[in-house]
Each structure stands twice: as C-alpha cells, then as structure tokens.
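Structural description and commentary
Listed below, chain by chain, are the residues.
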Amino acid sequence: MIRLALICLLCIPSLASAAEREPFDDRYCTTCHGTDGRGNEGVQAPRLAGMEPWYLKRQLENYRDGIRGAHPDDIEGLAMQPMAAMLTDESIQDIIEWVGGWNYVPAEHTISGDLDAGRALYQPCATCHGADAEGNEALGAPALAGQNDWYMVTQLRNFLAGYRGVHPRDVYGAQMRVMTTGLSGENDINNVVAYINSLSD
Amino acid sequence: MVKPVSRREFLNLLAAAGGAGAVVKAGAALGIMPADAAASTLDLAAGNGRSAVILGGGISGLATGYELGKAGWDCTILEASHRCGGRIFTVRHGTLIDELGNRQYCEFDDEPHMYFNAGAARIPNTHRTLLNYCKELGVELEIFINENKTCWVQDDAMLGGKPVRNIEYTTHLRGFVAEMMVKAMHETDMDEPFTEKEAEILLGMIRSFGDLSEDDVYRGSLNAGFDSGGFLSQGVQKDVIAFRDLLKTPFAMRLLSTNEGETGPILLQARGGMDQITEGFLRQVGDRVSYRAMVASIQVRDDGVDVAYDQDGARRQIRADYCFNCIPTHLVTGFEHNFPADYVRALKHVLRGEAYKAAFQAKERFWEKQDIYGGISWMNNRSQQIWYPVAGIHRQKGVILAAYDYGGGMYHTRMTQQERVEAHLADGENVHADYRNLVEKPVTVGWHRMNHMLGCSARWRRSFREGWTGETEQHYRTLQAPVNGRHYMIGDQISMRSAWMESALLSAHWAMADLDRRLRNAPA
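A count of helices and strands for chain B gives 14 helices and 27 strands. When the backbone C-alpha atoms are referred to their principal axes, chain B occupies close to 80 × 80 × 40 Å. Considering only intrachain contacts with a sequence separation of at least 6, the fraction spanning at least 24 residues in chain B is 69%.

Following this line, the structure appears as structure tokens:
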C-alpha cells in the first residue's frame, strides 16, 4: 500500500503545488545529440539532422514501445528508451518537424579500414540502402552516408550480438540481423563502415 | 674534512642542545615540520575592460566569474540549466531533478533540515581553497560525520545477514589480529632486531590495539560497546563474534581505516545544504549569470572567442576576449567548434562518471533510537551505504541517503524509478527491520542521465596501481592548456583528482593564473 502511494506521488504532481514548480524544458534532444542534432561521440548519441522523417518516426516509436532499447546490454539504447517512453504521437511529430529544421552537416570520419574489403562486404547492403548508401524509403532502409561512423559500428555490433533486432515486432531489425551475420568480427565491421564513409567523401 | 650531517641527525643534535622548542623552530625553517596550511589565492592584474564568457555555472565557472569580476573584468556566465552549481546539488522540497527520462519533483517536507546533498556532500579539512572561499563568502560550515562506529555493518554472508555495530565488528577484528601478531612476535626471529625497550613498546601497542587479555588472548572487549549496564552497574561485555565469522565479509579489508581517502575522519559540510556554497558565489556574481542558455558553438579566433547559444527559442551570439569552459568534455564534443584535432581527441578521451545516489524522507528518526547520530552504515549489497543526517538531530523527521553507488557500472541508473526505490527498500530492510514503513518520498539521481551534465565526475583512463599513463597525462596537459591562448577548459574534470570541489577551484585558479601571467608578459 505504502509503495503504491509513493509511486502515485511521484507520477502525479499535486495541482496545488504545480503552480510553484520549477518549469522544465521538454526539448531534451540536443543535450545528447549535440548542436542542431549533429551527433555527439562523447555520449554516443548519433546525428539526427538530415535523418529521414519516416525513419526517425519508426525509431522513436520503436523506442517508445520497447521494441528498441530494451536489451540490458544495449547501453546507449537504454539511455534513449525512457526519453521516448514520454512521447505521444503528437510530440513525435513535433520532434520530426524540429529535426527537419536543422542544418545537415555530414558527420566527421573517425574510422578507417580496408576500402576494397569494405566494398565487397557492402554489396548485399546496397540492395536496400542503395549503392551510394543514400537509403530507400520504399524498402524501409535509411541513408547511411553521412551518419556518424562510430554509431554505425555500435549498431552493427548490436545487431550481431542480438541487442537490436530481436523483438518480435521489429520486422526491419530482424532483416538487418540476418544481413549482419555476413560480417565476421570487428575487422569486417570497420571495413564496411570505412567504405560507407568513402561514399560521402 | 667535515662529515656531512643528515637532516634528521641535525635535528637530533639541536634537540640535545636546545630542547624541543628548538626542534620545532628549526624544523619549520628546513621544511620538515608542518607550516601553516595555505589556500590557493590569486592576485590578478586589473582587467582594463577585458571581457570573459564563462561556459557553465559549476563551482569553477562561478569562482572564475568572481575572481575576474574582482579584478574588473566584464564577465558573462552562460548556464544551460535552470540552476547553477552543477554537481553541487541539494535536493529539498520542490526541487526539480531533471534526469532524462526520470524527471522528479522532490516532495520532502518544507523544512530547513530536510535536504539531501545528491552530489558534493563532504568537504575534507585539507581542501583549503574551498574552505577559504566559504570563509570569504560567508558560507556557514558544520562538521559532517563520516565515520560513526555505532552505525551498522551488514552482509548476508556474515551471521546469517544479522547487522552488527561497526564498533563490535572492528573491535573484534583488531583483537584477533593483535592476538596473531603477538604470537608471531614470540615465535619468529624477526629480521629487524628490536632492542628490549622497542619490543616492549611494540608488544604494548599490539595488546592495546586489540584489547588482549593478560595472557595475550582476545576474549572480547568492553570497547565493542556494553551489552548492558556501564553506568550505575558494572558494564556487561557483549559476546565475541568468532574470527571466522568476521572474515565472512570483505568489510574486513575496509573498515579499520577511518580516513576518507587522504583526509578524514574530520569532514565538513555547508549548513543547510551544499548548495549554500553555490549561493555564496551567486551573492557575488548572480547578476552575471544567464540561465537556460545552451551553448551551440564555440569559435576561437585570434582576437577573441565567439560563442553561440540557444535561449528562449532563439540562437544568440556573444563575443568575449577570453573563454573559460567548465561544461563536461563529453558535451563539448557535441558542439560546433573549431578546436584543433589533438584537443578534440583529448576531449573524447575522458569518460563519463556513473555515480548514483538516492534518498528517502524518514517519517521518524529511527536511527537515533539506536544511538546513531550521523555517520554511515555499510551494506554488502548494491545500495551499499545508508547515511544518517547531522542536520535536525532529535527533530521528528530527517532525510537519509538510501544508496550510494560510486560508479563502475550503472546497475541502478538502468532501472525505472519504481525498480530503484524497491531495490533500496529491500536492501535497507536488512539493516533496519521496519525500513519499508519508516521511509517515504524517494528521490533518485542517476548522474549519467542528469540533463546538461550526463555524467558524474570525469573518469580519466588510468590504473589506480600504476597511476596515469603517459598518454593520459598528455591528453590532460592538452586540455589544461588554452586553445590559441583564448579558450580554457576548467573544472574538476581538468585535474588529476576529479570529483572534488577543491580540484575544480584549483583548476580555475590554474587557468586564471596562466592567463594573468601571459597578459603581464605581453608587450603593451
């Protein structure tokens, strides 16, 4: 009983004291994702500027609904999940419009690798993500070119390790998980990401 | 030829000739005897209309604004959040805890002693620069009780999880250790020859360390606390806990020290909450602070620094001659900037701290009914510690720290608020039987997710045994040095001892002294 009462207190601020409460800013995105959503390696938060509205919507919904960011070893996803859990359909639309107003700045390259090996590894990826990694909305595949390379490395690792793409409702994630089985280890991941980097040079 | 005399021999000669007084005087002159402690202070040249933009209202930023302001500089402090202080954060009635995904408003009773220092909580007596500022700014201090042997020690592995008083645990531990030491003294030929006098003192020391019986066996001690009596009747000794049982818990390796790091057991705190230190600075520089001003861009030029920031839905610009920046390194990497590559590498080298704290309001001060006034109970579980408040002794209610996870993982941070609270209730119940019913109104602070900070104190990659690697120290020096002579990173993050206010202040002093020296030496 007591616990229930405590939880209620935390969730529903009483109206009487609401008037004197310190107001909060509800636009948290740039705290982690950096100026104009350019991405911040310091907190492992990817670039949002330039991200396709349909892809951003799907990921925010996935986070909100516990389809992404629920695995105990998905450290970055776990930080994102409670943020998305607060969102409504309207606030997701609001965020998409906000993000759409940001200047797109291609991410700096931080990873190098064997471009020939990377090109070969990328060929299956190109089917969905495009030969220039430009993305394909019809296939539900986002652009990769210009995204933070360290973020792509983390996500490929997450797919391979089963931290992402394992929820039964994550249809696209499951596809990605199958595709990443062609990558055997850190070197392959580095090489394919280095090749994707080269496409936005 | 004159035989050289060592410093110690010299002191002995002096003592023989002039008595102890002579030793004290000469010792101070030679730098052996302690001199009076000196805080770091600054004597800056007049600002002459120079301007500085200070990024972040943490203690290093506030101190910089205060010192430069005293020297006549034109300072502006940009603070991203609704409050200054950074990790000096006192939670009380109505406080907004702006944790990403877990926003809370504190519901503690609205009384002066009902507060929780969720970040900085202890001031070591040797942190002179901070103490000096407290004096200068009129921040009232009081003693913080860190070590209190009446508090509890609890480990599920020891005595079936039954909590024992720290004083019992440590007294018994010393007794058994002393017994072994005496045996070793008698049985072994020591490599180190002791004179009869030395051996006598050493044996006496061991016997008194462990309260041994006359036959050099440990049979318990009244120093572990009375079981009953002690005033009008004979004190009755408590039962001894077997040595084997004491060794069931790793606390054996920790509890004999009363230090807090290199200081302690004397620590201090600001009366009424650590944020009184922030308030002390704000009384001097509050009108220079611009709140909810989130930095977007830092461009270091030859003749100044351009900073862009978002405030009230608009992007604003400010230009200053110099910039002092105490924003956490891992957030600076997300700004638009024109920093050199080695500087960016160094910024990325520093890791985010993961510490976590939680607190409850207690409906009654149940610990005082167990003779506990301040101090820390130790639990060998994930909540780790319970801190009892010094503030409000014998009042009806109090605020206790319910968990302190100093980092090295994010066990609690990853939980929901409900899961965190339940974890601390379940852990605390092992020490205080009716805990669940005695506490209410929880607050939790996962520093890794606190808005505009996203981390507790900076973690430099290093080995505690081997210290800093050459590479790490190189990055540290890179960040300590100014960019183009115009932009200084400051804060406890730019020190070799992060997490302390003293480090933050010394870092700011270093930067200001460095700039001052360069300005004085510059051709007019």
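The next thing to look at is the interface of chain B and chain A. On the chain A side, the residues contacting the 38 residues of chain B number 28 residues. Elements with a contribution of two residues or more to the side of chain B that touches chain A: β5 (104-105), β15 (294-300), α9 (329-332), α10 (341-349), α11 (417-428), α12 (435-438) and β25 (439-446) of chain B. A breakdown of the residues in the side of chain B that touches chain A according to their chemical character gives 11 nonpolar, 15 polar and 12 charged.

Here Gly485 of chain B is to be found in the loop between α13 (470-480) and β27 (487-489). Between the C-alpha atoms of Gly485 of chain B and Ala403 of chain B, which are 82 residues apart in sequence, the distance is 43 Å.

Formed by 126 residues in total, the largest nonpolar core has its most connected members in Ala52, Val295, Cys323 and Ile400 of chain B. If you tally residues by element for this core, the top one is helix α14 (residues 501-521) of chain B, at 8 residues. Non-local contacts of Ile400 of chain B, meaning those with residues more than four positions away in its chain, are made with Ala359, Phe360, Ala362, Ile386, Trp387, Tyr388 and Pro389 of chain B. If you look at the next biggest cluster of nonpolar residues, it comprises 16 residues, including Ala133, Leu144, Met152 and Val192 of chain A.

This paragraph deals with the pairing of strand β17 (residues 314-320) of chain B. All names here are of chain B. Summarising the sheet, strand β16 (residues 305-311) and β17 pair through 7 bridges and their orientation is antiparallel. Counted as the bridge partner of Asp306 is Arg319 from β17. Hairpin connection from β16 to β17: 2 residues lie between these consecutive antiparallel strands, with Asp312 at a positive phi of about 55°.

This brings us to α13 of chain B. Residue and element names in this part refer to chain B. Here α13 has its buried residues at His475, Tyr476 and Leu479. Along α13, the residues classed as buried sweep out an arc of 100° about the axis, all on the same side. Exposed side chains of α13 directed beyond 90 degrees from the buried face belong to Gly470 and Arg477. Tucked inside the fold, the buried residues of α13 contact α10 and β27.

What follows deals with α14 of chain B. In a regular helix each residue adds 1.5 Å, so 21 residues correspond to 30 Å; α14 of chain B covers 30 Å between its end C-alpha atoms and thus fits that length. Of all the positions in α14 of chain B, only Met501, Glu502, Ser503, Ala504, Leu505, Leu506, Ser507, Ala508, His509, Ala511, Met512 and Leu515 of chain B are classed as buried.

Residues and elements named next belong to chain B. The 5 strands are arranged β14-β2-β1-β18-β27 in an open sheet whose pairing can be described as parallel. Each end of this open sheet is capped by a strand with a single partner; those strands are β14 (289-290) and β27. The pairing of strand β2 (residues 74-78) with β14 spans 2 bridges and is parallel. Looking at β14, one finds that Ile77 is bridged to Val289.

About the criteria used
- Residues numbered from 1 in each chain as written.
- Chains lettered and ligands numbered in written order.
- Predicted model: local features only at pLDDT ≥ 70, side-chain atom pairs only at ≥ 80, totals over all residues.
- Helix = DSSP H or I, 4+ residues; strand = E, 2+ residues; numbered from the N terminus.
- Contact = placed C-beta atoms within 7 Å.
- Nonpolar A, V, L, I, M, F, W, Y, C, P; charged D, E, K, R; others polar.
- Core = buried A, V, L, I, M, F, W, Y, C linked by C-beta atoms within 7 Å.
- Buried ≥ 20, exposed ≤ 12 C-beta atoms within 10 Å, placed from the backbone.
- Pairing = 2+ DSSP bridges.
- Arc of directions from axis to C-beta.
- Expected span 1.5 Å × (residues − 1).

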